Amino acid sequence: MAKKVHVECRINGRDTEFLCEPRQSLLEVLRDELRLTGSKEGCNNGNCGACNVLLDGRLVNSCLVLGVEVQGRSVTTIEGIAGPQALHPLQQQFLEQAALQCGVCTPGFIVAAKALLDRKPKPTEQDVRHWLAGNLCRCTGYDKIVRAVLEAAK
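Criteria and thresholds
Residues numbered from 1 in each chain as written. Predicted model: local features only at pLDDT ≥ 70, side-chain atom pairs only at ≥ 80, totals over all residues. Heavy atoms only, no water. Helix = DSSP H or I, 4+ residues; strand = E, 2+ residues; numbered from the N terminus. Expected span 1.5 Å × (residues − 1). Buried < 20%, exposed > 50% of the residue type's maximum accessible area, 1.4 Å probe, protein only. Arc of directions from axis to C-beta. Disulfide = S-S within 2.5 Å. Pairing = 2+ DSSP bridges. Axes fitted to C-alpha atoms, helices over the stretch in contact; angles between N-to-C directions. Contact = heavy atoms within 4.5 Å. Core = buried A, V, L, I, M, F, W, Y, C linked by side-chain atoms within 4.5 Å.

Enquirer: I'm lost on helix 5 (residues 142-153) in this one. Help?
Expert: The periodicity of an α-helix, 3.6 residues per turn, causes residues three or four positions apart to be oriented the same way. Counted at 1.5 Å a residue, the expected span for helix 5 with its twelve residues is 16 Å, and the 17 Å between its end C-alpha atoms agrees. All of the buried residues along helix 5 are Ile145, Val146, Ala148, Val149, Ala152 and Ala153. Angular distribution of buried residues about the axis of helix 5 spans 155°; they occupy a single face of the element.

Written out as structure tokens, the structure is:
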């Protein structure tokens, strides 16, 4: 067993410390060490987007980032998207547009959509479809997801 490394970072706006093995992915740290289970393990190789988080505001697959790499950085997970009093407009629109079924991919879609809206607040349908191309869903058609993102942008 490798010696654990002490990491200090900011997760969902809070200063956080944890111990992790040098080979542990950020996804494993979030789920297993910090009990932030919103990010899902889909493929564990960066192809499905279920584990998306924002790292210093940039969209990344947490299964491809090592936990030790977040030292001194800021991470936003799906748990950090909603405000203290209400859902984020993206979350509300996913509900209103029925843009989810089993829910495994939903956190990754919402985090990815937030990254898009942070960068481009008034995206076109083509922008949304292009931006979310790295997220896979096996249950829904993508139309409701795209509609939810476009409605949240309004």
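Enquirer: Teacher, can you tell me more about the state of the cysteines here?
Expert: Disulfide: a covalent bond formed between the sulfur atoms of two cysteine residues. Taken as a whole and assessed by the stated rule, the structure comprises zero disulfides. Here Cys9 is not disulfide-linked; the sulfur of Cys20 is the nearest cysteine sulfur, at 9.3 Å. Cys63 takes part in no disulfide bond, and the closest cysteine sulfur, belonging to Cys51, lies 3.7 Å away.

Enquirer: I'm lost on the sheet that holds strand 2 (residues 14-20) in this one. Help?
Expert: Paired through backbone hydrogen bonds, the strands of a sheet run either parallel or antiparallel to each other. The five strands are arranged 2-1-5-3-4 in an open sheet whose pairing can be described as mixed. Edge positions in the sheet fall to strand 2 and strand 4 (58-61), since each of these pairs with one other strand and no more. Neighbouring strand axes in the sheet, compared pairwise and without regard to direction, differ in orientation by 40° on average. Against the sheet, helix 1 (residues 26-33) engages strand 1 (5-11), strand 2, strand 3 (52-55) and strand 5 (74-76), with an angle of about 100° to strand 2.

Enquirer: How should the pairing of strand 2 be read in this particular structure?
Expert: Within a regular strand, side chains alternate between the sheet's two faces. Judged from the seven bridges that link them, strand 1 and strand 2 form a sheet pairing that is antiparallel. Bridge pairing in strand 2 places Ile11 opposite Arg14.

Enquirer: What exactly am I supposed to notice about the nonpolar core here?
Expert: For soluble globular proteins, the rule of thumb is that nonpolar side chains tend to be buried together. Among the nonpolar cores identified, the biggest contains 24 residues, and Leu90, Phe94, Phe109, Leu132 and Val149 are the most heavily contacted of them. Looking at this core, the elements with two or more residues in it are helix 2 (89-96), helix 3 (106-119) and helix 5. With eight residues, helix 3 is the single largest residue contributor to this core. Apart from residues lying up to four places away in sequence, Leu132 is in contact with Phe109, Ala112, Ala113, Ile145 and Val149. Cys9, Val60, Val65 and Val75 belong to the second-largest nonpolar core, a separate cluster that totals 15 residues.

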